[in-house]
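Summary of the model geometry
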Amino acid sequence: MRWLKPVVFTASLLPVAWLGWQAAYGSLGINPVETLNRFLGDWALRFLLLALAVTPLRQWTHWAPLARLRRMVGLFAFFYVCLHLASYVGIDLFFDWAALWKDVVKRTYITLGMGCFLLLLPLALTSTDSMIRRLGGKVWRKLHRLVFPAAILGVAHFWMMVKADIREPLVYAVILAVLLGWRLRTFVRTPQRA
Ligand code: HEM
């Protein structure tokens, strides 16, 4: 199964490649900054939910190689979150850190997005083999449960951002609820596997 990781790695880069292509050809629409930022936010959330789906999918399909994808998919979620944040801070706010702080304090959806980012940060920083060894499996697993509140904040960030049509965030919320429900079920049955 040596092809699996390179294939998923390449596929995970396709959204950013597509975005670069569209930007290069000026095809991002009438509000390119908004299109760019929203596109990156969408993919950040998709990868985050995909990372959460890896374990349930492995348990459901009994296909062990899937386990090897979890870290990579999680890091791609963080990669897209960072690009999303960078596009906002760099292109939208022109690195006006005071404006960012004002947004974080005053706009609930930005507060939630930042909360999600801050929860994902320690997970990305401790994703290396050496950090797993240094922390020990038990502490590492406990720390990485932060991914659950992070995903809730990510969906809430999107939900609070939309003004009227909640259909899209609702789809993400339902997917997240199913994934969290699966974990809860596993936890109740076999706490050590959850
Ligand atoms: C790090 C702090 C964050 C900031 C400052 C931020 C900021 C923003 C802004 C300004 C928008 C667009 C609002 C608009 O166009 O009216 C947005 C949309 C969005 N963000 Fe974030 N965000 C952050 C974190 C996140 C995270 C962690 C995720 C996902 C894991 C995320 C996912 C999304 C999604 C899905 C959208 C909506 C895209 C759409 O309209 O299709 N954001 N965010």
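The paragraphs below set out a description of the structure included in this document. (Residues numbered from 1 in each chain as written. Predicted model: local features only at pLDDT ≥ 70, side-chain atom pairs only at ≥ 80, totals over all residues.)

1. Focus: the environment of lysine 5
Positionally, lysine 5 belongs in helix 1 (residues 4-24). C-alpha of lysine 5 to C-alpha of alanine 156: the two residues are 151 residues apart in sequence and 31 Å apart in space. Contact partners of lysine 5, with chain neighbours within four places excluded, come to Arg68, Leu69 and Met72. (Helix = DSSP H or I, 4+ residues; strand = E, 2+ residues; numbered from the N terminus. Contact = placed C-beta atoms within 7 Å.)

2. Regarding the site of the ligand
Taken together, 21 residues lie around the ligand, and Gly41, Gly113, Cys116, Phe117 and Gly154 are the ones closest in. Among the secondary structure elements, those contributing two or more residues to the shell around the ligand are helix 2 (32-61), helix 3 (70-92), helix 5 (108-125) and helix 8 (147-161). If you tally residues by element for the shell around the ligand, the top one is helix 2, at eight residues. Counted by class, the shell around the ligand contains twelve nonpolar, six polar and three charged residues. (Near = placed C-beta within 6 Å. Nonpolar A, V, L, I, M, F, W, Y, C, P; charged D, E, K, R; others polar.)

3. Side note on helix 3
In this model, helix 3 (23 residues) spans 32 Å end to end at C-alpha, consistent with the 33 Å of a helix rising 1.5 Å per residue. Among all positions of helix 3, only Val73, Gly74, Phe76, Ala77, Phe78, Tyr80, Val81, Leu83, His84 and Ser87 are buried. Lining the buried residues of helix 3 we find helix 1, helix 2 and helix 5. One or two steps after helix 3, the chain reaches phenylalanine 94, where phi turns positive at roughly 50 degrees. (Expected span 1.5 Å × (residues − 1). Buried ≥ 20, exposed ≤ 12 C-beta atoms within 10 Å, placed from the backbone.)

4. What to know about the nonpolar core
Ranked by size, the top nonpolar core spans 33 residues in total, and within it Ala44, Phe47, Leu48, Ala77 and Tyr80 carry the most contacts. Those elements that place two or more of their residues in this core are helix 2, helix 3, helix 5, helix 8 and helix 9 (167-189). Sorting elements by how many residues they give to this core places helix 2 first, with eleven residues. Excluding residues that lie within four positions of it along the chain, alanine 44 makes contacts with Ala77, Tyr80, Val81 and His84. (Core = buried A, V, L, I, M, F, W, Y, C linked by C-beta atoms within 7 Å.)

5. What about the environment of alanine 77?
Mapped onto the elements, alanine 77 comes out in helix 3. Judged by the 27 C-beta atoms lying within 10 Å of it, alanine 77 falls in the buried class. The sequence separation of alanine 77 and valine 33 amounts to 44 residues, and the corresponding C-alpha distance is 20 Å. Apart from residues lying up to four places away in sequence, alanine 77 is in contact with Ala44, Phe47, Leu48 and Ala51.

6. So, the packing of helix 2 against helix 8
What describes two packed helices is the angle between their axes and the distance between those same axes. Two elements in contact, helix 2 and helix 8, have axes separated by 10 Å at closest approach and are oriented at 150 degrees. In this structure, helix 2 crosses over helix 8, and the sense of that crossing is left-handed. Seen from helix 2, the contacting residues are Leu45, Leu48, Leu49, Ala51 and Leu52; seen from helix 8, they are Val147, Ala151, Gly154 and Phe158. Across the contact of helix 2 with helix 8, the residue classes tally to eight nonpolar, one polar and no charged. (Axes fitted to C-alpha atoms, helices over the stretch in contact; angles between N-to-C directions. Left-handed = near helix turned anticlockwise from the far one by under 90°.)

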